[in-house]
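# Summary of the model geometry
Residues per chain, in single letters:
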Amino acid sequence: PAPTAETPEVTLAPDPAPAPAPIVTAPPQSIPNGNYQFKGVDSRRCLDIPNGNATVGLNLQIHDCSSTLAQVFTVEHIGNNYFKIANKITNLGLQVQGNNLNSGAEVEQGPYSGQVYQQFAIELDAGTSNFRIKVAGSTMAIMPRNASINDGTHLEIWPVSASSSQTWTLTPVP
């Protein structure tokens, strides 16, 4: 029927398009699970368990790279883009000594129990193919003590910086 004074013409707006569902994606893992050798960019030395010793609390060091299992670490994604890093020969995990997240705290090995000080982000360093190993929930990265390049230098945590002494190359190992 035609509109009249009593029934004005009504134009209905089309139904609005439904809002698209939000796209939720997890951040990509920085590296796949597997066995790796970590080599310091500055020192050209590898993350190492001294003499492959399985002593709990033993401080990790940088050492001349070799094919020993003391320098092979199993990296396992545990969620939220964090990783468990355990030595292939001792099966002990990397951890920050005494759950101390202050600058200069040493990195040691211990039985993995999922604590924050045993979880690490392995993040690509911007503009390079190198990685930083950061302690979960902190702004601390693993590096040789005092940025030393000397064989046998212990590892410590220090605030993330542009220093290449905090960067590592990762080589997959069978």
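The paragraphs below set out a description of the structure included in this document. (Residues numbered from 1 in each chain as written. Predicted model: local features only at pLDDT ≥ 70, side-chain atom pairs only at ≥ 80, totals over all residues. Heavy atoms only, no water.)

To continue, consider the side chain of Ser43. In this structure, Ser43 sits in the loop between strand S1 (34-40) and strand S2 (46-48). Under the relative-accessibility criterion, Ser43 is labelled buried at 9%. Side-chain polar atoms of Ser43 contact the backbone nitrogen of Arg45, separated by 3.0 Å. Those residues in contact with Ser43 that lie beyond four places of it in its chain are Ile62 and Ile149. (Helix = DSSP H or I, 4+ residues; strand = E, 2+ residues; numbered from the N terminus. Buried < 20%, exposed > 50% of the residue type's maximum accessible area, 1.4 Å probe, protein only. Polar contact = N/O pair within 3.5 Å; in protein donor to acceptor, adjacent residues only side chain to side chain. Contact = heavy atoms within 4.5 Å.)

Let us now look at the packing of aromatic side chains. A complete count under the given rule lists 1 aromatic pair for this structure. Taking the centre distance of 6.1 Å and the plane angle of 80° together, the rings of Phe38 and Phe73 count as edge-to-face. In this pair, Phe38 sits in strand S1 while Phe73 sits in strand S4 (residues 73-79), placing the two residues 35 residues apart along the sequence. The class for Phe38 is buried, based on a relative accessible area of 0%. According to the relative accessible area criterion, Phe73 is buried, its value standing at 0%. (Phe/Tyr/Trp six-rings, centres within 6.5 Å; stacked < 30°, edge-to-face > 60°.)

A two-sided burial pattern is seen for strand S7 (residues 107-110), the buried positions comprising Val107 and Gln109 on one face and Glu108 and Gly110 on the other. Of the pairings in the sheet, the one linking strand S6 (residues 93-96) to S7 comprises 4 bridges and is antiparallel in character. Residue pairing for S7: Gln95 is matched across the bridge by Glu108. (Pairing = 2+ DSSP bridges.)

Quick look at the environment of Gln71 now. Position of Gln71 relative to the elements: it lies in the loop between strand S3 (61-63) and S4. Remark: the alpha-carbon pair of Gln71 and Asn87, spanning 16 residues in sequence, is separated by 7.4 Å. When neighbours within four sequence positions are excluded, Gln71 is seen to be in contact with Tyr36, Gln37, Cys46, Leu47, Asp48, His63, Asp64, Cys65, Ser66 and Asn87. Separated by 2.8 Å, the side chain of Gln71 and the backbone nitrogen of Ser66 make a polar contact.

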